[in-house]
Amino acid sequence: MSMDAIMEAITPLVDEKLFAVWFLIGAALGFWRQAGFAMGETGVTRAKNAGNILMKNLMDFCIGTVVFILIGFGLLLGEDVVGFIGKPGFDIFTAYESFDWSNFVFNLVFCATTATIVSGAMAERTKFLSYCIYSGVISALIYPIEAHWIWGGGWLAQLGFHDFAGSCAIHMVGGISALIGAKLLGPRIGKFTRDKSGKVVKVNAIPGHNITIGCLGVFILWLGWYGFNGAAATSVEQLGSIFVTTTIAPAVATVVCMIFTWVKYGKPDVSMCLNASLAGLVAITAGCDVTDALGAIIISAVSGVLVVFGVWFLDNVLHIDDPVGAVAVHCLNGIWGTVAVGLFATDTAPGYAIANKSGETIVGLFYGGGFELLGLQVLGVLGVAAWTAVTITITFLVIRATVGLRVSEEEETLGLDVTEHGLQSAYAGYAFVPESLPAAEVPVCVTGDTPVAEAVEVKAVPTFDKPKDGVKLTKVEIVCKESKLESLKTAMMGIGITGMTVSHVMGCGAQKGKPEYYRGVAVEATLLPKVQVDIVVSKVPVSQVIAVAKKVLYTGHIGDGKIFVYDVENVVKVRTGEEGYDALQDVE
């Protein structure tokens, strides 16, 4: 036998084994995405809930594994029953020697992802027990049944519906569950300001505590997505094409989002751009194997804008609090990506295999295929969305009526780390800036609303005799950003001020200025580290001190600082006993 004949005989066997190994590597990369979800969600929420969020992301997979063994795997890939469910079975126990081990592991990591998506939208106010219950229901029943319709030989698969790696089956389902859960749960304390009638009059930003690990989470997810999308490839050519579309989509979506937020809000929004990377990945997931580069670019460009719109729409129209943007990323872009297959699927993609019920190859509308595939994709979205909405709503309502869905206000305020897990902080040994709620949530007695006629008269009660020389003494108190301290000191010395007292303080307040935005919402001033500089002057004009300080400190942004001016009754130098003007002369 010639060498060519030997290679021809061996190559199919090698390819089969190679792709079997790659399938499992893809499953491992899919599992690694769980770390990405954990980091991403933790980073864009508050530090007091970090441990709770990590625990939820851990338990998603662990609880999901248990229920997937017991019932989920059978419902997904068991023998088809009237196109609706797979026949449950216990082959993993009764026929382990012939069990489909690889498919079990691969579909398990898909299943866990669906439940994880819900965690972010309901973060920071959900009971941990309730979370464990609905996570188990999603993994045991809701996801396996609809996934059977698509991947297990169910009615959508029979019609020719296409969702290669889960834009619909995983991301849309998780996103719809997140939307309904967040609506039934209600917003976090302080997210929305309401008038006396209960109408929302203002949306408040609640920034995450660690954008760094949020970004790390996105990169972990991006890496894991190559396995998520590419694991089921059947040829090197198809795998290469999937990697190309999976790379193009998040990159283009992020660039579009950056430009859009830069134009709309004046600065490129970091958190929103991280969401856009995920939105592009979600949108391309359904059609990563059947689209070309141009199709991937268009799909992801839309997703880069759609994610910004989704966050805005939930905040300002629906008034649903989604701390991580899960609905905008997974629900809206899951729908868009699934429908986009009906527009951009092209048979020039390697290994193209979309066919209708009659076995005829069908392509997307924009590639000459007409509306047939588009109609199938829309039908699939509607069918799966209806199933998900009904089942998850029942699940949440039952949980709310039994064990309860939401923690108390006191528990939410203290943080779920300490109240749900007995964990004082996920960052032991580090002190955090205390959070401050929006003004509407905390009574403040310095608004100046009291009419002058009703105000309590303030009388000056001197404790020292006036200086004999009659020279006026004035204290100038400057509260500013610590980063401006050195510039302020240099400027003060330049006009003859050589003595000052500097204290580290915490400051908050609201003022007009150049607005800052977090995920499209104007950021209110919160309690932040500041420095307080106290200067007592007599020789240098007060107006000059104020003018110089204003010039040095001004940026136009919220938090530039305040300058307070007080009359000083007297100054006594302890060492010499000098008073008033004389006491200041060797320090000015």
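Analysis parameters
- Residues numbered from 1 in each chain as written.
- Predicted model: local features only at pLDDT ≥ 70, side-chain atom pairs only at ≥ 80, totals over all residues.
- Heavy atoms only, no water.
- Helix = DSSP H or I, 4+ residues; strand = E, 2+ residues; numbered from the N terminus.
- Buried < 20%, exposed > 50% of the residue type's maximum accessible area, 1.4 Å probe, protein only.
- Contact = heavy atoms within 4.5 Å.
- Areas by Shrake-Rupley, 256 points an atom, 1.4 Å probe, with all protein chains shown as cover.
- Phe/Tyr/Trp six-rings, centres within 6.5 Å; stacked < 30°, edge-to-face > 60°.
- Expected span 1.5 Å × (residues − 1).
- Bend = angle between axes of the 7 residues up to and from the residue.
- Polar contact = N/O pair within 3.5 Å; in protein donor to acceptor, adjacent residues only side chain to side chain.
- Salt bridge = Lys/Arg side-chain N within 4 Å of Asp/Glu carboxyl O.
- Pairing = 2+ DSSP bridges.
- Core = buried A, V, L, I, M, F, W, Y, C linked by side-chain atoms within 4.5 Å.
- pLDDT = per-residue confidence, 0-100.
- Arc of directions from axis to C-beta.

1. A closer look at the overall build of the protein chain
Piece 1. A count of helices and strands for the protein chain gives 18 helices and ten strands.
Piece 2. For the protein chain, with 588 residues in total, the buried portion stands at 49%.
Piece 3. Considering only intrachain contacts with a sequence separation of at least 6, the fraction spanning at least 24 residues in the protein chain is 77%.
Piece 4. Surface exposure of the protein chain reaches about 27,200 Å², of which carbon and sulfur atoms provide 66%.

2. Regarding the packing of aromatic side chains
Piece 1. If you walk through the whole model with that rule in mind, you get 25 aromatic pairs.
Piece 2. Here the aromatic rings of Phe 106 and Phe 110 are separated by 4.6 Å at their centres, their planes lie at 45°, and the arrangement is tilted. On the criterion of helical spacing, the pair formed by Phe 106 and Phe 110 is a turn pair, its members being four residues apart in helix α4 (residues 101-121).
Piece 3. With a relative accessible area of 7%, Phe 106 lands in the buried category.
Piece 4. Each ring, one from Trp 149 and one from Trp 155, has its centre 5.6 Å from the other, and the planes form 55°; the classification is tilted.
Piece 5. Residue classification places Trp 149 among the buried positions, given a relative accessible area of 4%.
Piece 6. Assessed through its relative accessible area of 27%, Trp 155 is described here as partly exposed.

3. Observations regarding helix α11 (residues 293-318)
Count 3.6 residues to each turn of an α-helix, and residues three or four apart come out pointing the same way.
Piece 1. Taking 1.5 Å per residue as the helical rise, α11 with its 26 residues ought to reach 38 Å, and the 35 Å between its terminal C-alpha atoms agrees with that figure.
Piece 2. At Trp 312, α11 is bent by approximately 25°, the largest bend along its length.
Piece 3. Along α11, the residues that are buried comprise Gly 295, Ala 296, Ile 299, Ser 300, Ser 303, Gly 304, Val 307, Val 308, Gly 310, Val 311, Leu 314 and Asp 315.
Piece 4. Lining the buried residues of α11 we find β3 (192-194), β4 (200-203), α9 (236-265), α10 (270-285), α12 (326-344) and β8 (521-522).
Piece 5. Its side-chain oxygen placed 3.4 Å from the backbone nitrogen of Leu 294, Asp 292 serves as the N-cap of α11.

4. Here's the deal with the pattern of salt bridges
Piece 1. Using the criterion set out here, one finds nine salt bridges in the structure.
Piece 2. Salt-bridge contacts for Lys 56 lead to Glu 41; the nearest nitrogen and oxygen are separated by 3.9 Å. Placement of Lys 56 in helix α2 (residues 50-77) and of Glu 41 in helix α1 (residues 3-43) is noted, with a sequence separation of 15 residues between them.
Piece 3. You can call Lys 56 buried: its relative accessible area is 2%.
Piece 4. One salt bridge in this structure joins Glu 578 and Lys 573, with 3.4 Å as the shortest N-O distance.
Piece 5. With relative accessibility at 15%, the residue Lys 573 sits in the buried group.

5. Some details on the environment of Phe 309
Piece 1. With respect to the helices and strands, the residue Phe 309 is situated in helix α11.
Piece 2. In this structure, the C-alpha to C-alpha distance between Phe 309 and Gly 520, residues 211 residues apart in sequence, is 9.5 Å.

6. Quick look at the pairing of β4
Piece 1. Of the pairings in the sheet, the one linking β3 to β4 comprises three bridges and is antiparallel in character. Directly across from Phe 192, in β4, lies its bridge partner Val 203.
Piece 2. Between the antiparallel neighbours β3 and β4 lie five residues, among them Gly 198 with a positive phi of about 95°.

7. Focus on the nonpolar core
Piece 1. Judged by nonpolar contacts, the single largest core of 106 residues is most densely connected at Tyr 134, Ile 138, Tyr 143, Ile 150, Val 384 and Phe 396.
Piece 2. Considering each element in turn, this core owes the most residues, eleven residues, to α4.
Piece 3. Every residue in contact with Val 384, bar those within four places of it in the chain, is listed here: Glu 146, Trp 149, Ile 150, Leu 156, Cys 168, Met 172 and Val 173.
Piece 4. In terms of nonpolar packing, the next biggest core, distinct from the first, is built from 19 residues, Ile 478, Ile 497, Val 545 and Val 548 among them.

8. Considering unusual backbone geometry
Piece 1. Phi is positive for Val 82, which is not a glycine, with a value near 50°.
Piece 2. The phi dihedral of His 319 is positive, around 55°, even though this residue is not glycine.
Piece 3. Along the polypeptide, His 319 turns up in the loop between α11 and α12.

9. Concerning the confidence of the model for the protein chain
Piece 1. Averaged over every residue, the pLDDT of the protein chain is 87; residues scoring 70 or more account for 88%.
Piece 2. Ignoring residues within four places in sequence, the model shows residues 436-456, a span with pLDDT below 50, making eleven contacts including any to other chains.
Piece 3. Under a pLDDT of 50 for its full length, residues 458-468 has, in the predicted model, twelve contacts with residues more than four places off or in other chains.

10. Here we look at the environment of Ala 283
Piece 1. Within the fold, Ala 283 resides in helix α10.
Piece 2. It is 9.7 Å that separates the C-alpha atoms of Ala 283 and Val 341, two residues lying 58 residues apart in sequence.
Piece 3. Setting aside its immediate chain neighbours within four residues, Ala 283 contacts Ser 167, Ile 299, Ser 303, Asn 333, Trp 336 and Gly 337.

11. Notes on the pairing of strand β5 (residues 473-480)
Piece 1. Summarising burial for β5: seven of the eight residues are buried, a large majority.
Piece 2. Across eight bridges, β5 lies against strand β10 (residues 561-568) in antiparallel orientation. Within β10, the residue paired with Ile 478 across the bridge is Ile 563.

12. Some points on the side chain of Thr 391
Piece 1. With respect to the helices and strands, the residue Thr 391 is situated in helix α13 (residues 372-402).
Piece 2. Polar contacts involving the side chain of Thr 391 include one to the main-chain carbonyl oxygen of Trp 387, which spans 2.7 Å.
Piece 3. A polar atom in the side chain of Thr 391 sits 3.3 Å from the backbone oxygen of Thr 388.

13. Quick look at helix α16 (residues 485-494)
Piece 1. Within the sequence span of α16, burial applies to Leu 485, Leu 488, Ala 491 and Met 492. For α16, the arc enclosing every buried residue in end-on projection is 130°, short of the 170-degree limit, so these residues lie on one face. Exposed positions of α16 whose direction lies more than 90 degrees from the buried face are Glu 486, Thr 490 and Gly 494.
Piece 2. Taken from the residues just after α16, Gly 496 is the one with a positive phi, measuring 100°.

14. As for the side chain of Gln 34
Piece 1. Positionally, Gln 34 belongs in helix α1.
Piece 2. Within the structure, the side chain of Gln 34 is placed 3.1 Å from the backbone oxygen of Asn 57, a separation counted as a polar contact.
Piece 3. In this structure, Gln 34 is in contact with Asn 57, Asp 60, Phe 61, Ala 112 and Thr 116, ignoring residues within four places of it in sequence.

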